[in-house]
Amino acid sequence: MARPVVFSGIQPTGSIHIGNYFGAIKQWVTGQDDAENIFCLVDMHALTVPQDPAALRAQILETATVLLAAGIDPAKSRLFVQSDVREHGELTWYLSCVAAMGQLGRMTQYKEKSEAQRGEVRVGLFAYPLLMAADILLYRTTHVPVGEDQKQHIELTRDLAQRFNAAYGGVFVLPEPAIPAAGARIMGLDDPTKKMSKSVAGSYHAIRVLDPPEQIRKAVMSAQTDSGREIRIDPARPGVTNLLAIYMAASGTSAAEAEAHFAGARGYGDVKKELVDLLVETLRPLRERYAELAADPATVHELLCAGADAVRPIARATADAAKRAMGVGS
Ligand code: ATP
Ligand code: MG
């Protein structure tokens, strides 16, 4: 059987947080030996919300450096910047000619993010899932390791691939989402009913993987909880449930093990203190490695160029197959 092809992306929209890490990146790193791996800094997706060009450019480099520091190994995985491979934009157009407006309008992310652009919602924000489908389909991807929030977009990708294949012949491979058992949906510390996100402001909303220990301590200790004391996973108490979810993801424990671990705790304060120590230690190697890699940005840049050079022929072959199937081109 052919080796699985793993593809996933991350937007350079802000500093990487523990939701990105436990929901997606950790799976990318641990699965590297088992598949062909392609990881993408999806900078064209970042343009769907307002960005400062200089800050965006700096964030692309920071994001790439964090991924390498987290353990993405250039000998096993391709790492590249989306806009360096033109076929992403090209295939998006072909897919837009098989997609229906209604399906895009039903996407949760679109509904949430378009609220912030009220009155003047950008076409790019609406079309975002088509670009994401193109990202995935270009590389004949079999598995997409992502957090829970992206499941709907992968279902849409499958649907578009099926529509296209039914109309024009079997060009695309149907990808499967790969969602981790723990950490698939980390919530904001300031509001445990909302997903932790890079693009949400507030100094105690997220824990970023590069945060110094003191910042991690402040963010965790200020995390919103209710007035109860019982340490139990309970949808009616999202604050403590989120702390336990982070604990489970960082410690590799199950829900039952995490609850048993805190059975003797005197209250939420005990959980928070232990979580601070655990997160500081879990993230320490990444932070240290980042400092080393960040001292040599030219090497990171070269690596991104080499990554794009390596994946471009795969993308070109799929885009050509789609073109031929649709009857366009000379
Ligand atoms: P933005 O606010 O700009 O959308 P984001 O934090 O949602 O940023 P993305 O770049 O959109 O991050 O997503 C990168 C990966 O991280 C995806 O696989 C996504 O599913 C995952 N992810 C994002 N937020 C979380 C979260 N809170 N918990 C678990 N996984 C997450
Ligand atoms: Mg997102």
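Because the structure is predicted, anything quoted here is derived from the model rather than measured.

**Some points on unusual backbone geometry**
Phi is positive for Arg 140, close to 55°, though the residue is something other than glycine. Examined against the element boundaries, Arg 140 turns out to sit in the loop between α7 (123–138) and β4 (143–145).

**A word on the site of ligand 1**
Residues in contact with ligand 1 amount to 23 residues; listed here are only the nearest, Lys 113, Asp 149, Lys 195, Lys 198 and Ser 199. Within the backbone of Met 196, a nitrogen or oxygen atom sits 3.0 Å from a nitrogen atom of ligand 1. Interatomic distance of 2.6 Å between a side-chain N/O atom of Lys 198 and an oxygen atom of ligand 1. Here ligand 1 is seated within the largest pocket. Elements supplying a minimum of two residues to the shell around ligand 1: β1 (5–10) and α1 (18–30). Of the residues contributing to the shell around ligand 1, the split by class is six nonpolar, 12 polar and five charged.

**Description of the layout of surface pockets**
Empty space left among the atoms is revealed by rolling a probe the size of a water molecule over them. Empty space within the largest pocket amounts to approximately 1200 Å³. As for the largest pocket, its lining consists of 49 residues, of which Gln 109, Lys 113, Asp 149, Lys 195 and Ser 197 are closest to the centre. For the lining of the largest pocket, the secondary-structure elements that each account for two or more residues are β1, α1, α6 (108–115), α7, β4 and α8 (151–168). With five residues, α1 is the single largest residue contributor to the lining of the largest pocket. Grouping the constituent residues of the lining of the largest pocket by class yields 19 nonpolar, 21 polar and nine charged.

**Here's the deal with the pattern of salt bridges**
Applying the stated rule across the entire model yields 16 salt bridges. The shortest N-O distance in the salt bridge between Asp 191 and Lys 194 comes to 3.4 Å. Given a relative accessible area of 52%, Lys 194 falls into the exposed group. Notably, a salt bridge pairs Glu 214 with Arg 217, separated by 2.8 Å at the nearest N-O pair. In this pair, Glu 214 and Arg 217 are both assigned in helix α9 (residues 213–221), three residues apart and thus about one turn of the helix distant. Taking the relative accessible area as the measure of exposure, Arg 217 reaches 37% and is therefore partly exposed.

**Here we look at the pairing of β1**
Of all six residues in β1, five are buried, a share of seventy percent or more. Examined bridge by bridge, β1 and strand β2 (residues 36–41) share six bridges and lie parallel to one another. Bridge pairing links Val 6 to Asn 37 in β2.

**Some words on helix α10 (residues 238–251)**
Helix length check: α10 (14 residues) gives 20 Å between terminal C-alpha atoms against 20 Å at 1.5 Å per residue, within 8%. Within α10, 11 of the 14 residues are buried, which leaves the element mostly enclosed by the surrounding structure. Taken residue by residue, α10 has Gly 239, Val 240, Thr 241, Asn 242, Leu 243, Leu 244, Ile 246, Tyr 247, Met 248, Ala 249 and Ala 250 as its buried positions. Gly 252 sits one or two positions beyond α10 and adopts a positive phi of about 70°.

**As for the packing of helix α3 (residues 53–70) against helix α13 (residues 297–326)**
At a minimum axis distance of 10 Å, the contact between α3 and α13 shows a crossing angle of 85°. Considering their axes alone, α3 and α13 lie roughly perpendicular with respect to each other. Across the interface between the two elements, Leu 61, Ala 64, Thr 65 and Leu 68 of α3 pack against Pro 297, Val 300, Leu 303 and Leu 304 of α13. Looking at side-chain class alone, the contact of α3 with α13 contains seven nonpolar, one polar and no charged residues.

**A look at the side chain of Asp 43**
Relative to the helices and strands, Asp 43 resides in helix α2 (residues 43–46). Notably, Asp 43 is buried but unbridged: the nearest opposite-charge side chain belongs to Arg 57, and the N-O separation is 8.4 Å. Aside from chain neighbours lying at most four places away, what touches Asp 43 is Pro 12, Ile 60, Val 81, Gln 82 and Ser 83.

**With respect to the domain arrangement of the protein**
By domain assignment, the protein separates into domain 1 (5–184 + 297–326) and domain 2 (213–291). A separation of 30 Å is found between the C-alpha centroids of domain 1 and domain 2. With 11 residues of domain 1 in contact, the opposing surface of domain 2 contributes 10 residues. Note on domain 1 versus domain 2: buried area summed over both sides is about 900 Å², and carbon and sulfur give 82% of it. For domain 1, the biggest contributors to the area lost against domain 2 are Ile 18, Phe 22 and Ala 69; these three give 49% of the whole. Put simply, domain 1 and domain 2 have zero salt bridges between them. The interface formed by domain 1 and domain 2 includes one residue pair in polar contact (both at pLDDT 80 or more). Among the elements of the structure, α1 and α3 are those that each provide at least two residues to the side of domain 1 that touches domain 2. For the side of domain 1 that touches domain 2, the element with the highest residue contribution is α3, accounting for five residues.

Criteria and thresholds
Residues numbered from 1 in each chain as written. Chains lettered and ligands numbered in written order. Predicted model: local features only at pLDDT ≥ 70, side-chain atom pairs only at ≥ 80, totals over all residues. Heavy atoms only, no water. Helix = DSSP H or I, 4+ residues; strand = E, 2+ residues; numbered from the N terminus. Near = heavy atom within 4 Å. Polar contact = N/O pair within 3.5 Å; in protein donor to acceptor, adjacent residues only side chain to side chain. 1 Å grid on protein atoms, 1.4 Å probe; cavity = no way out; pocket = protein on both sides within 12 Å on 5 of 7 lines; lining within 4 Å. Sits in = over half its atoms within 2 Å of the grid points. Nonpolar A, V, L, I, M, F, W, Y, C, P; charged D, E, K, R; others polar. Points joined across faces, edges and corners; volume = space filled by probe spheres on them. Salt bridge = Lys/Arg side-chain N within 4 Å of Asp/Glu carboxyl O. Buried < 20%, exposed > 50% of the residue type's maximum accessible area, 1.4 Å probe, protein only. Pairing = 2+ DSSP bridges. Expected span 1.5 Å × (residues − 1). Axes fitted to C-alpha atoms, helices over the stretch in contact; angles between N-to-C directions. Parallel < 35°, antiparallel > 145°, perpendicular 65-115°, else oblique. Contact = heavy atoms within 4.5 Å. Lys, Arg positive; Asp, Glu negative; His and termini not counted. Domains from an automatic or database assignment. Buried area = accessible area lost by both parts, 1.4 Å probe.

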